[in-house]
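Listed below, chain by chain, are the residues.
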Amino acid sequence: MSILKLDLCCLHLIGEKSDMKKIKIGIMGYSNIAKKSIIPAAINHPDFELCFIGSRSLEKQIEIHEKYNIASGTYEDLLKTDIDAVYVSTPVALHYKYGLQVIDAGKHLLLEKTFTNNYETTLDLLEKGESKKVVVMEALMYQYHPLLSIIKNLLKEGSIGEIKQIEAFFGFPHLDNKDFRYNKVLGGGAILDALVYPLSLVTKLLGNANELMETDLKVHSSIQFNNELDIDENGTLLLENQFTRAVISYGFGLAYRNEYRLWGTEGILTVKRAFSRPENFTNQILLEKNTTQTLIDVPKANHFTFMLYEFSNKIHAKTYKKDSELLFRMKLIDKIYKEGYKL
Ligand SMILES: NC(=O)c1ccc[n+]([C@@H]2O[C@H](COP(=O)([O-])OP(=O)(O)OC[C@H]3O[C@@H](n4cnc5c(N)ncnc54)[C@H](OP(=O)(O)O)[C@@H]3O)[C@@H](O)[C@H]2O)c1
């Protein structure tokens, strides 16, 4: 087995902006993900100044102020400030409502995954962003880790030939049943919470989304449904056309699995800890070709920090164009809900 070290190919994300003014950012919703990942990443980020955190609860507003010495108040207070951008991390079913408020207030929007719970509302937010000239971006962090750039480079170099099959898995044990993921009204369910990661990998790696649709993509989906809670708990999805195929298993109530394998005409790439990676975590990609096995180092990185770089680059470059991959993915999600076979 040989070990290959690749140059980091993610540095293009970090622009030369040292002389530019910091972007004033606020946070809507004092959520677990904000506390654990986004607040620390924003406080330490060279491109942003974290100015305000909005919460519905007075108790939390006091905690925020005491803990971070940052201004706090209600969501309404947040939108009245002179901040440039807002990160929203409410339950999924509320993303559309709060996303709209942010855009209407003329502020750039970084909206947690899954962007909204259907295609129509996603399209509406993206169109409103374009017409208001604000950046509207989904906070799907894994795609900004150098890991994905390394994989894309390996594919570009032809390391496994043409991709014929993607197998991807993202699932974990049940969470506390009070979590919003078990509440239909708040946008619960595994499709919106877990499937979105491997599904976005597939739509990204298989290239131009519209081309995929045009080449007659077939969608087969089976969903383990919890009738009592009226939410989907886990499932399997098969996407295929005449060129390629993807098999995805995902959901809650499973042993932790977070990986994918790309099976090409000339080799296989296996990636572990693919979607959620702690910032100090490092491992290797396995490349198998005939009888040769090569390990490729994946560096440590904080994908939330890289995601914020992407957001600031878009703001500086005035990139207001609709995200076609996101739209295509939401179209697929609608189809999976509508046509998925419920077990
Ligand atoms: N990218 C990632 O790595 C990642 C990881 C986990 C979660 N997420 C996404 O981030 C979002 C939040 O997830 P989370 O696990 O952090 O959730 P959470 O801890 O339950 O936080 C959600 C927050 O939304 C606010 N909220 C507003 N209206 C609400 C309502 N009616 N009911 C409940 N909460 C309400 C609350 O903030 P206030 O009480 O302060 O107003 C609450 O703290 C989701 O969209 C999720 O998919 C992303």
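Each chain carries its own residue numbering, running from 1 in the written order of its sequence. In view of the model being predicted, local features appear only for residues whose pLDDT reaches at least 70, and side-chain atom pairs are presented and counted only at 80 or more, with totals across whole chains, interfaces and linings using the full set of residues. Water and hydrogen atoms were dropped before computing side-chain values, which therefore reflect all heavy atoms in the structure.

1. So, the domain arrangement of the protein chain
The condition that has to hold: Where each domain begins and ends is defined by an automated method or by a domain database. A contact between two residues is defined here by any heavy atoms of the two lying within 4.5 Å. By definition here, a salt bridge exists when the distance from a side-chain nitrogen of Lys or Arg to a carboxyl oxygen of Asp or Glu is within 4 Å. Here a polar contact means two N or O atoms within 3.5 Å. Within protein one must be a hydrogen donor candidate and the other an acceptor candidate, and residues neighboring in sequence count only if both atoms are side-chain atoms. Secondary structure elements are taken from DSSP: a helix is a run of H or I of four residues or more, a strand is a run of E of two residues or more, and numbering for both begins at the N terminus. Residues are sorted three ways: Asp, Glu, Lys and Arg are charged, Ala, Val, Leu, Ile, Met, Phe, Trp, Tyr, Cys and Pro are nonpolar, and all the rest, Gly among them, are polar.
Taken domain by domain, the protein chain consists of domain 1 (13-139) and domain 2 (142-342). Taking only C-alpha atoms, the centre of domain 1 and the centre of domain 2 are 24 Å apart. The partner domain 2 presents 34 residues to the 43 residues of domain 1 that form the contact. Where domain 1 touches domain 2, the interface holds 3 salt bridges. Residues Arg329 and Glu138 are paired through a salt bridge, measuring 2.8 Å at the closest nitrogen-oxygen approach. The interface formed by domain 1 and domain 2 includes 9 residue pairs in polar contact (both at pLDDT 80 or more). Elements with a contribution of two residues or more to the side of domain 1 that touches domain 2: β2 (23-28), α1 (32-43), β6 (108-112), α5 (119-132) and β7 (136-139). Sort the elements by how many residues they give to the side of domain 1 that touches domain 2 and α5 lands first, with 6 residues. Along the lines of polarity and charge, the residues of the side of domain 1 that touches domain 2 split into 26 nonpolar, 9 polar and 8 charged.

2. Overview of the environment of Asp77
The line we're drawing: Exposure is judged per residue with a 1.4 Å probe applied to protein chains only, and the accessible area is read against the type maximum: over 50% gives exposed, under 20% gives buried, and values in between give partly exposed.
By the element assignment, Asp77 lies in helix α3 (residues 75-80). Note on Asp77: relative accessible area 33%, which makes it partly exposed. Asp77 sits 60 residues away from Met137 along the chain, and the two C-alpha atoms are 22 Å apart.

3. Topic: the site of the ligand
The criterion, for reference: Here a residue is near a molecule or strand as soon as one of its heavy atoms is found within 4 Å of it. Areas reported here follow the Shrake-Rupley algorithm with a probe of radius 1.4 Å; residue values treat only the protein chains shown as occluding.
In the neighbourhood of the ligand, 25 residues make up the surrounding shell, with Tyr30, Ser55, Lys60, Tyr75 and Lys113 lying closest. Contact between the ligand and Arg56: an oxygen atom at 2.9 Å from a main-chain N or O atom of the residue. His95 has a polar side-chain atom sitting 2.9 Å from an oxygen atom of the ligand. Protein chains bury 85% of the 900 Å² of accessible surface belonging to the ligand in isolation. Across the shell around the ligand, the residue classes break down as 12 nonpolar, 7 polar and 6 charged. Lining the shell around the ligand are residues from two domains, each supplying at least three of them: domain 1 (13-139) and domain 2 (142-342).

4. Looking at the confidence of the model for the protein chain
Rule in force here: Each residue carries a pLDDT score, the predictor's own confidence in it, on a scale running from 0 to 100.
Scored by pLDDT, the protein chain comes out at a mean of 93, with 92% of its residues at no less than 70. Note on residues 4-13: pLDDT under 50 across the span, and 22 contacts to partners over four residues away in sequence or across chains.

5. Section: the side chain of Asn234
Along the chain, Asn234 falls in strand β10 (residues 231-240). Within the structure, the side chain of Asn234 is placed 3.0 Å from the backbone oxygen of Phe252, a separation counted as a polar contact. Those residues in contact with Asn234, other than ones at most four positions away along the chain, are Ala190, Ser222, Ile223, Gln224, Tyr250, Gly251, Phe252 and Leu254.

6. So, the pairing of β7
The condition that has to hold: When DSSP finds at least two bridges between two strands, those strands are taken to pair. Assignment of crossover handedness uses the view with strands pointing away from the viewer, where a clockwise path from the first strand over the helix to the second indicates a right-handed crossover.
By the alternation rule, side chains of β7 split into Val136 and Glu138 and Met137 and Ala139, which are all buried. The sheet contact formed by β6 and β7 spans 4 bridges and is parallel. By the bridge assignment, Leu111 is partnered in β7 with Glu138. For the crossover that starts at β6, traverses α5 and ends in the parallel β7, the hand is right-handed.

7. Quick look at the sheet that holds strand β5 (residues 85-88)
Just so we agree on the cut-off: Here, axes are lines fitted to C-alpha atoms. For helices the fit covers the stretch in contact, and angles between N-to-C directions go from 0 to 180 degrees.
On the basis of which strands lie adjacent, the open sheet formed by 6 strands has the order β4-β3-β2-β5-β6-β7 and parallel pairing. If you trace the sheet from one side to the other, it starts and ends with β4 (71-73) and β7, each paired once. For this sheet, the mean angle separating the axes of adjacent strands, direction not counted, is 25°. Relative to β5, β2 runs parallel, the two being bridged by 4 bridges. Its bridge partner lying in β5, Met28 is registered against Val88. Contacts from helix α2 (residues 58-68) reach β3 (48-54) and β4, with the element oriented near 175° to β4. Seen against the sheet, helix α4 (residues 95-104) touches β2, β5, β6 and β7 and runs at an angle of roughly 165° to β6.

8. A word on the nonpolar core
The line we're drawing: Nonpolar cores were defined as sets of buried Ala, Val, Leu, Ile, Met, Phe, Trp, Tyr and Cys residues, with membership established by side-chain atoms within 4.5 Å.
One finds Ile151, Tyr260 and Ile285 to be the most contacted residues of the largest nonpolar core, which totals 105 residues. Looking at this core element by element, the count peaks at 11 residues for helix α7 (residues 190-205). The residue makeup of this core includes at least three contributed by each of domain 1 (13-139) and domain 2 (142-342). Residue contacts for Tyr260: discarding those within four places in its chain leaves Leu148, Ile151, Glu167, Ala168, Leu201, Leu269, Thr270, Val271, Ala274 and Phe275.

9. Considering the pattern of salt bridges
Under the criterion given, the structure shown has 17 salt bridges. Between Lys164 and Glu162 there is a salt bridge, with its nearest N and O atoms 3.8 Å apart. Classification of Glu162 by relative accessible area gives partly exposed; the value is 48%. Counted as one network, the salt bridges with shared partners bring together Lys113, Asp179, Arg181 and Asp193.

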